[in-house]
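These are the residues of each chain, in order.
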Amino acid sequence: PRGILAYYHGGGWVVGDVPSYDNPCRYLAARSGCIVVSVGYRLAPEHRFPAAVDDALAAFDWTLANARALGGDPAHVGIGGDSAGGNLAAVVALLARDRGGAKPSFQLLIYPATDLAGDMPSHQSCGEDFLLTRPMMEWFRAQYLSSEAEIGDWRVSPLKAADLSRLPPAYLCTAGFDPLRDEGKAYADRLKQAGTETTYRNFDSLIHGFVGFTGTIAAAARAMDEIALAMRENLSAD
C-alpha cells in the first residue's frame, strides 16, 4: 500500500478546479510514488466560507475511508495544497485534531494563505508585478468572505489559531517573490514553537503559482521535486 495525499487546489477559493490542477497533481504523484487525490470543492462567491472548509474536511474523511480501495495505506493519509488550498489543508489539520479520532499523518503547505488580514511586509514588497497582487488578494477575500469580521476566524486565518500543537508533521514552503511569503513563514515558525515537527523552505527565486510552471521554469521543477521527496519521506508506508 502507498501513502495518499488529498490535495486541495489553489485559486483564491474562487477559481481553479480538478482539470486545471491535473498536471501538478500528476507530477507530484509520479515523483513521490504516492497516490494523489485531487479534491474539487465548492467555490465562492456562489458558495462562501465555510463551504470550502466543510468540503475539504469531508474530502479528507472520504479519502481516509476509501484508502484501501484506492490502493493506499489508511495509516499514511496526508493533506496538502497550494495557496488557498494550503489554507484549507492547514485548517483541516486543526479541525481533525480538535474533533478527536483520525487525523492526517502529514500536511503539505505550499505558499499557504494563513492570515487574510494581508498586512505583512511581503504584501507591500511583493504586492505588484509578481503574478499574485494585493488587489487580487483583496478581491478573492471579498468573494470568499461574507464580512471582514470573518478574517479573525482561525478557519479563515489559521495563523490566528490559539494552539498549533498536536498537529501532524508539516512541510511548508514559500516563494521569494510572493505576497504570501511572510505569513507562510510566520505559520511555520508558530508550528515549530508549538512543538509540531516542521520543515520550512523558501524558494527565493520563485513566484506564487510555481506548481504550474514545471514545464517552463527549471527552478519550479526542482522545487516540485523537493516537495515530492518530502511527500515520499512523510507518507512512506515503510
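The structure reproduced in this document is the subject of the present report. Values in this document were obtained by computation on a predicted structure and should not be read as measured data.

Let's talk about the overall build of the protein chain
1) Next: Helices and strands together make up the secondary structure of the protein chain, namely 7 helices and 6 strands.
2) Next: Along the protein chain, helices and strands appear, N-terminal first, in the series β-α-β-α-β-α-β-α-α-β-α-β-α.
3) Next: Principal-axis analysis of the C-alpha atoms places the extent of the protein chain at approximately 45 × 40 × 35 Å.
4) Next: Buried residues in the protein chain amount to 55% of all 238 residues.
5) Next: Of the contacts made within the protein chain by residues no fewer than 6 positions apart, 79% connect residues no fewer than 24 positions apart.
6) Next: Accessible area for the protein chain stands at about 9600 Å²; split by element, carbon and sulfur atoms hold 52% of it.

Notes on the packing of aromatic side chains
1) Next: Tallied over the entire structure, the rule returns 7 aromatic pairs.
2) Next: Both rings, one in Phe49 and one in Tyr144, keep their centres 5.9 Å apart while their planes meet at 75 degrees; by these two values the pair is edge-to-face. Pair noted here: Phe49 is in the loop between strand E2 (35–39) and helix H2 (51–65) and Tyr144 is in helix H5 (residues 134–144), with a separation of 95 residues, a long-range link. Assigned by exposure class, Phe49 and Tyr144 land together as buried.
3) Next: Aromatic pair Phe203 and Phe210: ring centres 5.7 Å apart, planes at 80 degrees, arrangement edge-to-face.
4) Next: We classify Phe203 as buried; its relative accessible area is 8%.
5) Next: Of the aromatic side chains, those joined through ring pairs into one cluster are Trp13, Phe49 and Tyr144.
6) Next: The cationic tip of Arg31 hangs over the ring face of Tyr27; the distance from NZ or CZ to the ring centre is 4.1 Å.

Quick look at the state of the cysteines
1) Next: Per the counting criterion, the structure on display carries 0 disulfides.
2) Next: No disulfide involves Cys25; its sulfur sits 13 Å from that of Cys34, the nearest cysteine.
3) Next: When its relative accessible area of 6% is taken as the criterion, Cys25 is described as buried.
4) Next: Cysteine Cys126 is unpaired, with the sulfur of Cys173 as its nearest cysteine sulfur at 15 Å.

Description of the pairing of strand E4 (residues 107–110)
1) Next: Burial along E4 is two-sided: Gln107 and Leu109 and Leu108 and Ile110, pointing in opposite directions, are all buried.
2) Next: Note on the crossover from strand E3 (residues 72–82) through helix H3 (residues 84–99) to E4: the handedness is right-handed.
3) Next: Sheet analysis places E4 next to strand E5 (residues 170–177), joined by 4 bridges and oriented parallel. Residue Leu109 lies in a different strand from E5, and its bridge partner there is Leu172.

Overview of the pattern of salt bridges
1) Next: What the rule picks out here adds up to 13 salt bridges.
2) Next: A salt bridge links Asp153 to Arg155, with the nearest nitrogen and oxygen atoms 2.8 Å apart.
3) Next: Across the salt bridge formed by Asp163 and Arg166, the nearest N and O atoms sit 3.4 Å from each other.
4) Next: Residue classification places Asp163 among the partly exposed residues on the basis of a relative accessible area of 29%.
5) Next: Judged by relative accessible area, Arg166 falls into the exposed class, the value being 52%.
6) Next: Salt bridges here are not isolated pairs; linked through shared partners, they connect Arg97, Asp98, Asp163 and Arg166.

Brief notes about H3
1) Next: Over its 16 residues, H3 extends 23 Å from the first C-alpha to the last, a length consistent with the 22 Å expected when each residue adds 1.5 Å.
2) Next: In terms of residue burial, H3 counts as a mostly covered element, since 14 of its 16 residues are buried.

Structural notes on helix H1 (residues 22–32)
1) Next: All buried positions along H1 are accounted for by Pro24, Cys25, Tyr27, Leu28 and Ser32. For H1, the angular spread of buried residues about the axis comes to 155 degrees, placing them on one side. Opposite the buried face of H1, by more than 90 degrees, sit the exposed residues Asn23, Arg26 and Ala30.
2) Next: Taken from the residues just after H1, Gly33 is the one with a positive phi, measuring 80 degrees.

Here's the deal with the layout of surface pockets
1) Next: By volume, the largest pocket amounts to about 400 Å³.
2) Next: Surrounding the largest pocket, 26 residues form its lining, Gly10, Gly11, Tyr21, His208 and Gly209 being those nearest its centre.
3) Next: Among the elements of the structure, H1 and H5 are those that each provide at least two residues to the lining of the largest pocket.
4) Next: The element that contributes the greatest number of residues to the lining of the largest pocket is H5, accounting for 3 residues.
5) Next: Taken together, the residues of the lining of the largest pocket break down into 15 nonpolar, 10 polar and 1 charged.

Thresholds, definitions, all that
Residues numbered from 1 in each chain as written. Predicted model: local features only at pLDDT ≥ 70, side-chain atom pairs only at ≥ 80, totals over all residues. Heavy atoms only, no water. Helix = DSSP H or I, 4+ residues; strand = E, 2+ residues; numbered from the N terminus. Buried < 20%, exposed > 50% of the residue type's maximum accessible area, 1.4 Å probe, protein only. Contact = heavy atoms within 4.5 Å. Areas by Shrake-Rupley, 256 points an atom, 1.4 Å probe, with all protein chains shown as cover. Phe/Tyr/Trp six-rings, centres within 6.5 Å; stacked < 30°, edge-to-face > 60°. Lys NZ or Arg CZ within 6 Å of the ring centre and 35° of its normal. Disulfide = S-S within 2.5 Å. Right-handed = clockwise from strand over helix to strand, strands pointing away. Pairing = 2+ DSSP bridges. Salt bridge = Lys/Arg side-chain N within 4 Å of Asp/Glu carboxyl O. Expected span 1.5 Å × (residues − 1). Arc of directions from axis to C-beta. 1 Å grid on protein atoms, 1.4 Å probe; cavity = no way out; pocket = protein on both sides within 12 Å on 5 of 7 lines; lining within 4 Å. Points joined across faces, edges and corners; volume = space filled by probe spheres on them. Nonpolar A, V, L, I, M, F, W, Y, C, P; charged D, E, K, R; others polar.

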